[in-house]
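Residue strings, one per chain:
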Amino acid sequence: MTRPLLIACVCIVVAGAAAITIVVTRGESSVASQMSEEQRATREKFFGTGKTIPPIQKGQEMRPKW
């Protein structure tokens with residue numbers, strides 16, 4: 001086997017393995033996982049609620065409250 005043919009075969013094998021990995025990963029992530037109520041409460045406690053932010057009042061500074 002010549003060197004260019006060997007390099008081409010290795011590239012084809014690597015590309016095929018990458019394509020298979022992407023297909024398998026997308027298949028697993030496409031299933032929507034439902035959060036339990038405990039997970040949802042923990043998420044809201046950590047990140048805050050999904051409510052919209054109140055509008056900024058006139059003269060109010062935009063800085064953290066800490």
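Here we summarise the structure given alongside this text. Model, not experiment: these values are computed from the prediction.

**Comments concerning the overall build of the protein**
Looking only at helices and strands, the protein features two helices and zero strands. With 66 residues in all, the protein has 0% of them scored as buried.

**Here's the deal with the packing of aromatic side chains**
Inspection of every chain in the model, using the stated rule, returns one aromatic pair. A centroid spacing of 4.8 Å and a plane angle of 90° characterise the contact between Phe 46 and Phe 47, whose relative ring orientation is edge-to-face. No difference in accessibility class separates Phe 46 from Phe 47, as the two residues are exposed.

**Here we look at the pattern of salt bridges**
Per the stated rule, a full pass over the model turns up one salt bridge. One salt bridge in this structure joins Arg 40 and Glu 37, with 3.4 Å as the shortest N-O distance. With Arg 40 and Glu 37 both in helix H2 (residues 37-47) and three residues apart, this pair spans about one turn of that helix. Note on Glu 37: relative accessible area 57%, which makes it exposed.

**Focus: a nonpolar patch on the surface**
Together, Met 1, Leu 5, Leu 6, Val 10 and Val 14 give the surface a local cluster of nonpolar side chains, amounting to about 530 Å² of exposed area. Residue position: Met 1 is located in the segment before helix H1 (3-29).

**Structural notes on the state of the cysteines**
One pass over the structure, following the stated rule, counts zero disulfides. Free of any disulfide, Cys 11 has its nearest cysteine sulfur in Cys 9, 9.4 Å distant.

The rules we used
Residues numbered from 1 in each chain as written. Predicted model: local features only at pLDDT ≥ 70, side-chain atom pairs only at ≥ 80, totals over all residues. Heavy atoms only, no water. Helix = DSSP H or I, 4+ residues; strand = E, 2+ residues; numbered from the N terminus. Buried < 20%, exposed > 50% of the residue type's maximum accessible area, 1.4 Å probe, protein only. Phe/Tyr/Trp six-rings, centres within 6.5 Å; stacked < 30°, edge-to-face > 60°. Salt bridge = Lys/Arg side-chain N within 4 Å of Asp/Glu carboxyl O. Patch = residues over 30% accessible without salt bridge, like charges linked within 9 Å, V, L, I, M, F, W, Y side chains within 5 Å. Areas by Shrake-Rupley, 256 points an atom, 1.4 Å probe, with all protein chains shown as cover. Disulfide = S-S within 2.5 Å.

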